[in-house]
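# Architecture and fold: a report
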Number of protein chains: 2
Amino acid sequence: MIYLDNSATTRKKPQKVISEVVRGLTQLSANPGRSGHVASLKSAIEVGNVREKICNFFGMEKPENVIFTQNCTDALNLAILGTAKKGGHVITTAFEHNSTLRPLTYLQSKGIIELTVVEPKNKNCITKEDIAPYIKENTYMIATVHISNVDGAETNIDEIGKLCKENNIIYLVDAAQSAGHKLINMQKQNINLLAVAGHKGLLGPQGIGFLCINGNFEILPIRFGGTGTESINLKQPKQLPECFESGTIALPNILGVGAGIDFVLKHQKEINLKIEKLTKYLINELKKRKIIKIYTDENNLNGVVGFNISNIDSTIVSEFLNDKYEICVRSGLHCAPLKHKYLQTTEQGIVRASISYFTNEEEIKQLLFAIDDFIKTYYL
Amino acid sequence: MIYLDNSATTRKKPQKVISEVVRGLTQLSANPGRSGHVASLKSAIEVGNVREKICNFFGMEKPENVIFTQNCTDALNLAILGTAKKGGHVITTAFEHNSTLRPLTYLQSKGIIELTVVEPKNKNCITKEDIAPYIKENTYMIATVHISNVDGAETNIDEIGKLCKENNIIYLVDAAQSAGHKLINMQKQNINLLAVAGHKGLLGPQGIGFLCINGNFEILPIRFGGTGTESINLKQPKQLPECFESGTIALPNILGVGAGIDFVLKHQKEINLKIEKLTKYLINELKKRKIIKIYTDENNLNGVVGFNISNIDSTIVSEFLNDKYEICVRSGLHCAPLKHKYLQTTEQGIVRASISYFTNEEEIKQLLFAIDDFIKTYYL
């Protein structure tokens, strides 16, 4: 099997990620922060270390502002529903994933917020110029994806961060596809909320994400329950991170993603070089086949390559690749419907090949061979 | 170390739980239900098998009504916030955990629901008679714990289930402490919503819980995002389970809890016998020490034993046990403040020793020895 669906979940995990999950399961099964005994304290220290690691990795101010969630979607929900301001206005873009669009649409449908969905001028980049004209007096949040999961298009988050800072607007960045590939510094880049998946570029297990909070603004819990703090209080306590982490947190997965971050830190350069090299190779090779439409800009080397073969339904292509070659790519709409409307690919969908550090050139060659076979099969 | 905090998280997991988590991580890292390729389909089949297992284990009608969540608290939030009826009335009890009380209190504070918190007549059991007098025309839900996490007190869920059925009221049961110890059959017992922790009696990893839904009533999502279904739709689709499982689910943990359920099924009798035997032994031994107040009824053998040494602050006792003997018990309020108010232990808290299948008699003896040492140290 050749797995090129790393934008969904990176297939291969570093050995240390697996051993850390196992260590969590076999040596640290106790509830961090729920008791004063040695087992609980040991696990709390380990979780605290990962919070510290994440805080440093993303240039945050305080480790207690790392909120562990089930996945990146959960983090985006906390960010969006937790900051919702009755009568307020949010700006987002047509390039977003449903994990941003659906909670925002929910708030809009309930009459809680006004929502503007911006169509960026350039298909390869969301810029400050796309957003700025829509800022109003009641705009309290701008939410953009960092790297598109459809075609790897990269947002100019530096510019938009500055824009948000100047206008005292919360900046929420969906880093599902970028964390682990792109360096992110929340303080320097004026990002207030960063939603991260643990199981993609950070190479951790499925079942962990986090929301990083930076700056002073109100964010309210969206889940309620035991926090191990102020047990006497029937209202959710305000202390971070407990306030947002009701119930037992996913300790083995937290240790796993901690090991993933260590791996990324150690191999950052190689990871970027390899993903860029393989992306470039794939785009260049696809370009040689005139029948192929490529949606990813040739200068965009983020490991997410969107293409179609002529006007063939993307699912027919992905099924061929899977059935004949056991090559796993994703087709269809990738949970990003407005991006497809924008690219006029709603009917056809897009074939997406996505690359991780553990992908190798031979696998890309196999993909190209299989694509050529498809073209021959259908066009000769 | 002697770990007697199994009500928080069972410390030891069966070997198969660990190997299943590892198999999930190393062989099945792909998003179930997000694509048509072989990797995704394989993982979807595995997740489906666990859903089927849970469905059978808890006597549900449909496996697609098993909703995977981050933990039991998350499941309770979905159950409570997802069914909230403006102007409706909910009955719960003073024996509940904050994971039930806090979401209900939140709904009450927002003026969405009317809430009645019943004080059961018998400290050892919530009965139909406690609840029935409070049913009103607008009562749409009754929420009770199955086994109290403070003292193991067991609710008569059969009776209350019937009461709910007769009155067409949704019955929500918090099975955090009971699943894996007590046989539960949602259909036979007329339970509509069952919130379960994966990492306690089911012996799975931390970071997985689920909500089992049985019957016909409206439940709305509380998180929004990609579901892999109806991607074109900016509104959350209605199909179960995807509707409630936005984002990537915790595949390795799901496999882990599946293996935990297999273990419980295979060893159900031994598990119950062992927990009952050790609970009985501990209660009987504690009873011999006249200075000890026992909160757990002697006929209640659910593995959760609450006690205090005279009027000594429970935390002083737990710290002594931990510091001198590395015995892990929990003290304080156990996130169940109204239960403590009821038992008049709000100031003192309660020392809780909780037993799992992997606890042995020698560990209980050590606990008793350490308690005797405490008594000598403070009273001789």
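Residues numbered from 1 in each chain as written. Chains lettered and ligands numbered in written order. Predicted model: local features only at pLDDT ≥ 70, side-chain atom pairs only at ≥ 80, totals over all residues. Heavy atoms only, no water.

This paragraph deals with the overall build of chain A. Helices and strands together make up the secondary structure of chain A, namely 10 helices and 12 strands. Against the globule reference of 21 Å for 380 residues, chain A gives a C-alpha radius of gyration of 21 Å, in line with a compact fold. Projecting the C-alpha coordinates of chain A onto the three principal axes gives extents of approximately 75 × 50 × 35 Å. Put simply, chain A has 380 residues, and 66% of those count as buried. (Helix = DSSP H or I, 4+ residues; strand = E, 2+ residues; numbered from the N terminus. Rg over C-alpha atoms; globule rule 2.2 N^0.38 Å. Buried < 20%, exposed > 50% of the residue type's maximum accessible area, 1.4 Å probe, protein only.)

Residue and element names in this part refer to chain A. Residue position: Asp130 is located in helix H5 (residues 128–131). Put simply, Asp130 and Pro14 are 116 residues apart on the chain and 39 Å apart in space, counted from C-alpha to C-alpha. A distance of 3.0 Å separates a polar side-chain atom of Asp130 from the backbone nitrogen of Lys121. (Polar contact = N/O pair within 3.5 Å; in protein donor to acceptor, adjacent residues only side chain to side chain.)

Right, let's get into the pairing of strand S7 (residues 193–197) of chain A. All names here are of chain A. A large share of S7 lies buried, amounting to 5 of its 5 residues. Bridge count for strand S6 (residues 170–174) against S7 is 3 bridges, and the pairing is parallel. From the neighbouring strand, Val173 faces S7, where its bridge partner is Leu194. Judged from the 5 bridges that link them, S7 and strand S8 (residues 209–213) form a sheet pairing that is antiparallel. Residue pairing in the sheet places Ala197 in a bridge with Gly209 of S8. (Pairing = 2+ DSSP bridges.)

This part takes up the packing of helix H1 (residues 15–27) of chain A against helix H7 (residues 251–288) of chain A. All names here are of chain A. Put simply, H1 and H7 touch, their axes get as near as 7 Å, and they point 155° apart. Our classification of the angle between H1 and H7 gives roughly antiparallel. The two elements H1 and H7 cross, and the hand of that crossing is right-handed. The segment H1 lies against H7, with Lys16, Val17, Glu20, Val21, Arg23, Gly24 and Leu25 engaging Leu251, Pro252, Leu255, Gly256, Ala259 and Gly260. Here the contact of H1 with H7 is composed, by residue class, of 7 nonpolar, 3 polar and 3 charged. (Axes fitted to C-alpha atoms, helices over the stretch in contact; angles between N-to-C directions. Parallel < 35°, antiparallel > 145°, perpendicular 65-115°, else oblique. Left-handed = near helix turned anticlockwise from the far one by under 90°. Contact = heavy atoms within 4.5 Å. Nonpolar A, V, L, I, M, F, W, Y, C, P; charged D, E, K, R; others polar.)

Right, let's get into helix H10 (residues 361–379) of chain A. Residues and elements named next belong to chain A. Helix length check: H10, at 19 residues, gives a terminal C-alpha distance of 27 Å against a target of 27 Å (1.5 Å per residue), a fit within 8%. Of the residues making up H10, those classed as buried are Glu363, Ile364, Leu367, Leu368, Ala370, Ile371, Asp373, Phe374 and Ile375. Capping the start of H10, Asn360 holds a side-chain oxygen 3.2 Å from the backbone nitrogen of Glu362, two or three residues further along. (Expected span 1.5 Å × (residues − 1).)

According to the stated counting rule, one finds 26 aromatic pairs over all chains in the structure shown. Geometrically, the ring pair formed by A:Phe57 and A:Phe58 is edge-to-face, given 4.9 Å between the ring centres and 90° between the ring planes. Assessed through its relative accessible area of 13%, A:Phe57 is described here as buried. When the centroid spacing of 6.2 Å and the interplanar angle of 85° are considered together, the rings of A:Tyr325 and A:Phe369 count as edge-to-face. Remark: A:Phe369 occurs in helix H10 and A:Tyr325 occurs in helix H8 (residues 314–325); sequence separation between them is 44 residues. Residue A:Phe369 is classed as exposed on the basis of its relative accessible area, which comes to 53%. Put simply, the rings of A:Phe320, A:Tyr325, A:Phe369, A:Phe374 and A:Tyr378 touch in pairs and so form one group of aromatic residues. Its guanidinium or amino end placed over the ring of A:Tyr357, A:Lys274 lies 5.3 Å from that ring's centre, counting from NZ or CZ. Stacked on the ring of B:Phe95, the Lys or Arg B:Lys339 has its end atom at 3.6 Å from the ring centre. (Phe/Tyr/Trp six-rings, centres within 6.5 Å; stacked < 30°, edge-to-face > 60°. Lys NZ or Arg CZ within 6 Å of the ring centre and 35° of its normal.)

For the rest of this paragraph, the subject is the domain arrangement of chain A. Residues and elements named next belong to chain A. Examined at the domain level, chain A breaks down into domain 1 (2–9 + 268–379) and domain 2 (15–262). Facing the 26 residues of domain 1 at the interface are 31 residues of domain 2. Carbon and sulfur atoms supply 52% of the area buried between domain 1 and domain 2, which totals about 2,500 Å² over both sides. Interface area lost by domain 1 to domain 2 is led by Asn302, Lys339 and Tyr342, which between them contribute 28%. Counting across the domain 1 and domain 2 interface gives 1 salt bridge. (Domains from an automatic or database assignment. Buried area = accessible area lost by both parts, 1.4 Å probe. Salt bridge = Lys/Arg side-chain N within 4 Å of Asp/Glu carboxyl O.)

A cluster of nonpolar residues, A:Ile316, A:Tyr378 and A:Tyr379, forms a patch on the protein surface that exposes about 290 Å² of accessible area. Relative to the helices and strands, A:Tyr378 is located in helix H10. (Patch = residues over 30% accessible without salt bridge, like charges linked within 9 Å, V, L, I, M, F, W, Y side chains within 5 Å. Areas by Shrake-Rupley, 256 points an atom, 1.4 Å probe, with all protein chains shown as cover.)

Here the focus is the pattern of salt bridges. Residues and elements named next belong to chain A. Tallying each qualifying case throughout the model produces 36 salt bridges over all chains. A salt bridge links Asp74 to Arg223, with the nearest nitrogen and oxygen atoms 3.0 Å apart. Of this pair, Asp74 sits in helix H3 (residues 72–83) while Arg223 sits in the loop between S8 and H7, and the two are 149 residues apart along the sequence. Comparing Asp74 with Arg223, the two get one shared label, buried.

Residue and element names in this part refer to chain B. If you trace the 3 strands from one edge of the open sheet to the other, you get S9-S10-S12, paired in antiparallel fashion. Each edge of the sheet is formed by a strand with only one pairing partner; in this case those strands are strand S9 (292–294) and strand S12 (351–354). Within this sheet the neighbouring strands show an average axis-to-axis angle of 30°, counted without direction. The pairing of S9 with strand S10 (residues 304–309) spans 3 bridges and is antiparallel. Paired with Ile292 across the two strands is Ile309, which belongs to S10. Lying over the sheet, helix H10 (residues 361–379) contacts S9, S10 and S12, oriented at roughly 15° with respect to S10.

Next up on the list: the environment of A:Lys136. Residues and elements named next belong to chain A. Tracing the sequence through the fold places Lys136 in the loop between H5 and strand S5 (139–145). Overall, the relative accessible area of 36% leaves Lys136 in the partly exposed class. In this structure, the C-alpha to C-alpha distance between Lys136 and His89, residues 47 residues apart in sequence, is 7.6 Å. Excluding residues within four positions of it along the chain, Lys136 makes contact with His89 and Glu114.

For the rest of this paragraph, the subject is the interface of chain A and chain B. Between chain A and chain B, the contact holds 79 residues from the first and 79 residues from the second. Buried area between chain A and chain B, both sides added, is near 6,200 Å², and the carbon and sulfur share of it is 58%. Three residues, A:Arg102, A:Gln206 and A:Phe224, lead the burial of chain A against chain B; their summed loss comes to 14% of the area buried on that side. The interface formed by chain A and chain B contains 2 salt bridges. Across the contact surface, chain A and chain B share 36 residue pairs in polar contact (both at pLDDT 80 or more). When contributions to the side of chain A that touches chain B are tallied by element, the ones reaching two or more residues are H1, helix H2 (38–57), strand S2 (66–69), H3, helix H4 (98–109), H7 and helix H9 (337–343) of chain A. Taken together, the residues of the side of chain A that touches chain B sort by class into 33 nonpolar, 35 polar and 11 charged.

Turning our eyes to something else, we now look at H7(A). In an α-helix, one full turn covers 3.6 residues, which means residues spaced three or four apart are oriented alike. Taking 1.5 Å of rise per residue, the 38 residues of H7(A) would be expected to cover 56 Å, yet its terminal C-alpha atoms sit only 48 Å apart, more than 12% below that figure. The sharpest bend along H7(A) measures roughly 80° and falls at A:His267. (Bend = angle between axes of the 7 residues up to and from the residue.)

This next bit is on the relation of the copies chain A and chain B. Of the transformation superimposing chain A on chain B, the axial component is 0.0 Å and the angular component is 180°, with the fit at an RMSD of 0.0 Å. Here the two chains are linked by the operation of a two-fold rotation axis. Among all C-alpha atoms of chain A, that of A:Gln70 lies closest to the rotation axis, at 2.8 Å. (Least-squares fit on C-alpha atoms with pLDDT ≥ 70 in both.)

What follows is about the confidence of the model for chain A. Model confidence for chain A is summarised by a mean pLDDT of 96, while 100% of its residues fall at 70 or above. In the predicted assembly, ipTM is 0.97 and pTM is 0.97. (pLDDT = per-residue confidence, 0-100.)

All right, on to the pairing of S5(A) then. Residues and elements named next belong to chain A. With 7 of 7 residues buried, S5 lies mostly within the body of the structure. Sheet topology note: the strand S3 (residues 88–93)/S5 ladder contains 3 bridges and is parallel. Note on S5: the bridge partner recorded for His89 is Thr139. Handedness of the β-α-β unit built from S5, helix H6 (residues 157–167) and S6 comes out right-handed. (Right-handed = clockwise from strand over helix to strand, strands pointing away.)

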